[in-house]
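# Reading the structure
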Amino acid sequence: MSSELMASAIAGGLSRVLKRFGLLRQKTRPSHPKGSPAAQAAFKKAMPVQAARHRG
């Protein structure tokens, strides 16, 4: 990373630098406050194998 780019990232914020290059800051997908990891695991276990293959 060049010193000019590094100075720009520090001075103007990394988000602006990423935007300049056509990139976006990746964000995590939010989880539901009442979501249960145990219920999700049970659902995945009960899911038919063929349907699981066709998920995107």
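If you're wondering where the values come from, they're calculated on a predicted model, not measured in any experiment.

## Looking at the overall build of the chain
Across its full length, the chain carries four helices and zero strands. Each helix and strand of the chain, placed in order from N terminus to C terminus, yields the pattern α-α-α-α. Here the chain has roughly 5,700 Å² of accessible surface; of this, 59% comes from carbon and sulfur atoms.

## Regarding the confidence of the model for the chain
Averaged over all residues, the pLDDT of the chain equals 76, while 71% of them reach at least 70. Here helix H4 (residues 49-53) stands out as the least confident element of the chain, with mean pLDDT 58; helix H3 (residues 37-46) is the most confident, with 88.

Thresholds, definitions, all that
Each residue is numbered by its place in its chain's sequence as written, counting from 1. The predicted origin of the model limits local features to residues at a pLDDT of at least 70 and limits the giving and counting of side-chain atom pairs to 80 or more, whereas totals for whole chains, interfaces and linings rest on all residues. As a convention, hydrogens and water are excluded, and side-chain values are obtained from all of the structure's heavy atoms. Runs of H or I in DSSP of at least four residues are treated as helices and runs of E of at least two as strands, each being numbered from the N terminus. Throughout, the Shrake-Rupley method with a 1.4 Å probe supplies accessible areas, and for residues the shown protein chains are the sole cover considered. On a range of 0 to 100, pLDDT expresses the predictor's confidence in each residue.

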